[in-house]
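Fold and contact review
Residue strings, one per chain:
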Amino acid sequence: MCLHHSCGADPAIGRATTGSERRLNSIRNQIAQRVREATRRIGAEGDPLVRPAQDEKFGDYQSNCAMGLAKRLGKKPRDVATAIVDALEIEDMCEKPDIAGPGFINFKLKPEYLAGCLESIPAPSEAGGDRLGISPAANPQVIVLDISSPNLAKEMHVGHLRSTVIGDCLARVLEFEGHTVHRENHVGDWGTQFGMLVAHLRRVDPDVVRHPEELVISDLESFYVDAKSRFDTDDEFKTESRETVVALQQGDETTRRIWRAFCDESLRHCHAIYDRLDVKLVDRGESFYADRMEDVIRRLESMTTAGDKGLVRISDGALCVFMEGFKTREGDPLPMIVRKSDGGYNYATSDLATILHRVEELGASRILYVVGIGQKQHFDMLFAAVRALGWAKDDASLLHIGFGNMLAASGKPFKTREGGTVKLKDLLDEAVQRAREVVSPPDDDQPGERDRQFDKAQVAQIAETVGLAAMKYFDLSHSLSSDYKFDLGTMLSLEGNTAPYMLYAYARIRSIGRKAGVEFDDLPRSEEILLEHPAEIALAKRLLQFAEVLDDLSRELRPNVMTDYLYSLAKAFSRFYDKKLGVRVIDASPEDVRLSRLHLCELTARTLKLGLSLLGIKTLEEM
Ligand code: ARG
């Protein structure tokens, strides 16, 4: 759609040319373009419906457009397909297309064409090399991503992993496309709980006002538990907590300072995790919108109508927005409450204020909320209200990217043995610990089995990378909406669609370069890529799918599109390099064949690295 491979194979001679006028689309889009032109030539018009072929036996891509066109033209689908094929100008890319079944048109790419596309991918040191020649989106947008967003009253727990990891991946993809992305950490830092926490903090650390920056709470979870038990058992403390909320909301300076100290300390805990996960976020919590909520109320009040028909009205003392299509179980209208009957604001009020800020101040044309599927109804109502109120332009897109839960290996919700919530930090530590067992060789490791031995610090570094990569990759490789079971054994396995498998694949290719005595970054570019063996051709096709995968990923916003692709690429490589099924590489001859194959290795390594980086995963040169 908007990603272009700057794949400049010259149609006439099948070799690469340079220059920006040679920018072409992903292969799928190019075929679609040719089909569109052919249908026009036969006097029809319609979506070319080009998809990757289901079965490689039939070719690489398939167009299913003949059936629909036939209906409209009142002709037989096979006749329409034949007419399209006759009108197609595609010899530079494909063999003559076949027609199958009722009228499917199958395309098989020519090896010379594939080679030309691969040759035109810029070298690592050339302009665009870091993007494999893929150009940014033609129409960059301002996009807000609402990511992670834990409640600061407590420690981040396992439930926050998915939003953080999925959100970061989507942000990376959209940034890569050239959009301006605001990575908003909409933390919960406002509301009644904070009265209790501030009151508790004042008691346990009376000095906090004078030295707010020195505050250290090593265990936020037990701090919360202590505050809550005091609140539940001590009436005087309860009253004090309520007064503290009021003082906080009215802007009392001392109260605000203590509250700020608490939030900053809690955010330090969060950022220790974000740093480890290499996730960048801008903290803009609910409190940021406190004043803006007044504005929401003012705007709504000016729209309030009496009676029981209007969009905005008072119902049972509460200020409500009534949107079409929302009903209670009893069939009564279900409103979104924006100011409770006691005058208090709620989650919806703050989210309305947040949208106004994002649309009016940040200039967002897309807002994506990466939040658990449990909040679906909240977002459905919020978006419906914003539309009904006319607070977002019609072409602005608001989307809730909901995801399922991460469950314990037993399939039950994640809990500690005592039934408490599991801290995210503990889970990360456990993954890294287990990764260390996987990556550090047993003492009797045969000398010569590995490229080299690592010292303790290197093993620790590798374990950290592999452990965190394993958690991210496992999470991202599951379909968004389903629950999945956290399973360290599977996620750390060296076989299958896992991070260790992908990282090994990458490190292995890099070591092929070292063993062949070449610098991948400086491979001579004048050499041709020669594609003869089926394993070479299959690898070339996979490599060239990357642009298309990015297209799909940025449109569908499903990270497993990328993990599935990378896995298929790694498998295609392993076949290519296989002693029996593939080709010789390091000791291949003659030299032009050897260089061509090393070039394929280099492109595979670079594609894996770029793909993994879009998932937020760092590669290792050696493992
Ligand atoms: N803090 C919320 C929670 O823990 C998530 C916030 C999501 N973002 C939003 N704009 N509502 O459930």
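Structural data are supplied above this passage.
Just so it is clear, the model here is predicted, and its values are computed rather than measured.

What follows concerns the sheet that holds strand E6 (residues 104–107). Overall, antiparallel pairing links the four strands, which are arranged E3-E4-E6-E5 in an open sheet. Every other strand in the sheet has two partners, leaving strand E3 (50–52) and strand E5 (98–100) as the edge strands with one partner each. When strand polarity is set aside, the average angle formed by the axes of neighbouring strands in this sheet is 30 degrees. Relative to E6, strand E4 (residues 61–63) runs antiparallel, the two being bridged by three bridges. Each bridged residue has a counterpart across the sheet, and for Gln62 the counterpart in E6 is Asn106. Contacting E5 and E6, helix H3 (residues 77–87) runs over the sheet at an angle of about 165 degrees to E5.

A full pass over the atoms with the stated rule returns 13 aromatic pairs. Measuring from ring centre to ring centre gives 5.9 Å for Phe573 and Tyr577, while their planes differ by 15 degrees; the resulting arrangement is stacked. Here Phe573 pairs with Tyr577, and both are found in helix H19 (residues 560–577), just four residues apart, close to one helical turn. Classification of Phe573 by relative accessible area gives buried; the value is 3%. Residue classification places Tyr577 among the partly exposed positions, given a relative accessible area of 21%. Positioned above the aromatic ring of Tyr224, the side-chain terminus of Lys154 is 4.6 Å from the ring centre.

With that settled, the discussion passes to the environment of Gly116. With respect to the helices and strands, Gly116 occurs in helix H4 (residues 111–119). For Gly116, a relative accessible area of 0% corresponds to the buried category. Considering only alpha carbons, one finds Gly116 and Glu528, 412 residues apart in sequence, at a separation of 8.4 Å.

The nonpolar side chains of a soluble globular protein tend to be buried with one another. Ranked by internal contacts, the top residues of the largest apolar core, which has 200 residues, are Ile31, Leu300 and Met562. With 11 residues, the top contributor of residues to this core is helix H14 (residues 456–476). Setting aside anything within four residues of it in sequence, one finds Leu300 in contact with Val312, Leu319, Val321, Val338, Leu352, Leu389 and Trp391.

Right, let's get into the site of the ligand. Surveying the vicinity of the ligand reveals the residues Asp146, Ser149, His186, Tyr347, Asp351, Tyr369, Val371, Gln375 and Phe379. The side chain of Asp146 places a nitrogen or oxygen atom 2.8 Å from a nitrogen atom of the ligand. Within the side chain of Tyr347, one N or O atom sits 2.7 Å away from a nitrogen atom of the ligand. Here the ligand loses 83% of its free accessible area of 340 Å² to cover by the protein chains. For the shell around the ligand, the class distribution of residues is four nonpolar, three polar and two charged.

Our focus in this paragraph is unusual backbone geometry. With omega at 0 degrees, the peptide bond leading from Ser589 into Pro590 counts as cis. Summarising the element assignment, Pro590 is placed in the loop between H19 and helix H20 (591–614). Of note in the backbone geometry, Ser149 takes a positive phi value of approximately 50 degrees without being a glycine. Of note, Ser149 is situated in the loop between strand E8 (142–146) and helix H5 (161–176). Note on Ser149: relative accessible area 22%, which makes it partly exposed. Phi at Leu557 takes a positive value of approximately 55 degrees, unusual for a residue other than glycine.

Quick look at the pattern of salt bridges now. All chains considered together, the criterion is met by 43 salt bridges. Between Arg555 and Glu556 there is a salt bridge whose closest N-O contact spans 3.9 Å. A residue is classified by how much of its surface remains accessible, and Arg555, at 41% relative accessible area, is partly exposed. It is possible to trace a salt-bridge network through shared partners that takes in Asp168, Arg172, Glu175, Arg183, Asp278 and Lys280.

Looking now at helix H9 (residues 253–277). Helix length check: H9 (25 residues) gives 35 Å between terminal C-alpha atoms against 36 Å at 1.5 Å per residue, within 8%. Where H9 terminates, the next one or two residues include Asp278, which has phi positive at roughly 60 degrees.

What follows covers the pairing of strand E11 (residues 312–315). Note: E11 against strand E12 (residues 318–321), four bridges, orientation antiparallel. In the strand pairing of E12, Arg313 is matched with Cys320. As consecutive antiparallel partners, E11 and E12 are separated by two residues, and within that stretch Asp316 has a phi angle of approximately 50 degrees, a positive value.

As for its placement among the helices and strands, His200 is situated in helix H6 (residues 192–204). Classification of His200 as buried rests on a relative accessible area of 5%. For His200, the residues in contact, after removing those within four places along its chain, are Phe223, Asp226, Ala227, Arg230 and Phe237.

Look at helix H1 (residues 27–41): 21 Å from first C-alpha to last across 15 residues, which is about the 21 Å you get at 1.5 Å a residue. Three or more residues of H1 are buried, namely Ile27, Arg28, Asn29, Gln30, Ile31, Ala32, Arg34, Val35, Ala38 and Thr39. Immediately beyond the C-terminal end of H1, within one or two residues, lies Gly43, with a positive phi of roughly 80 degrees.

Between H6 and helix H7 (residues 220–233), whose axes approach to 9 Å, the crossing angle comes to 100 degrees. Relative to H7, the element H6 is oriented roughly perpendicular. Taken together, the residues of H7 that come into contact with H6 (itself represented by Gln193, Met196, Leu197, His200, Leu201, Arg203 and Val204) are Phe223, Tyr224, Asp226, Ala227, Lys228, Arg230 and Phe231. For the contact of H6 with H7, the residue count by class is eight nonpolar, two polar and four charged.

Examined against the element boundaries, Glu119 turns out to sit in helix H4. We classify Glu119 as buried; its relative accessible area is 17%. A polar side-chain atom of Glu119 sits 2.7 Å from the main-chain amide nitrogen of Ile529.

Conventions we followed
- Residues numbered from 1 in each chain as written.
- Predicted model: local features only at pLDDT ≥ 70, side-chain atom pairs only at ≥ 80, totals over all residues.
- Heavy atoms only, no water.
- Pairing = 2+ DSSP bridges.
- Helix = DSSP H or I, 4+ residues; strand = E, 2+ residues; numbered from the N terminus.
- Axes fitted to C-alpha atoms, helices over the stretch in contact; angles between N-to-C directions.
- Contact = heavy atoms within 4.5 Å.
- Phe/Tyr/Trp six-rings, centres within 6.5 Å; stacked < 30°, edge-to-face > 60°.
- Buried < 20%, exposed > 50% of the residue type's maximum accessible area, 1.4 Å probe, protein only.
- Lys NZ or Arg CZ within 6 Å of the ring centre and 35° of its normal.
- Core = buried A, V, L, I, M, F, W, Y, C linked by side-chain atoms within 4.5 Å.
- Near = heavy atom within 4 Å.
- Polar contact = N/O pair within 3.5 Å; in protein donor to acceptor, adjacent residues only side chain to side chain.
- Areas by Shrake-Rupley, 256 points an atom, 1.4 Å probe, with all protein chains shown as cover.
- Nonpolar A, V, L, I, M, F, W, Y, C, P; charged D, E, K, R; others polar.
- Salt bridge = Lys/Arg side-chain N within 4 Å of Asp/Glu carboxyl O.
- Expected span 1.5 Å × (residues − 1).
- Parallel < 35°, antiparallel > 145°, perpendicular 65-115°, else oblique.

Just geometry here; none of it tells us what the structure is for.
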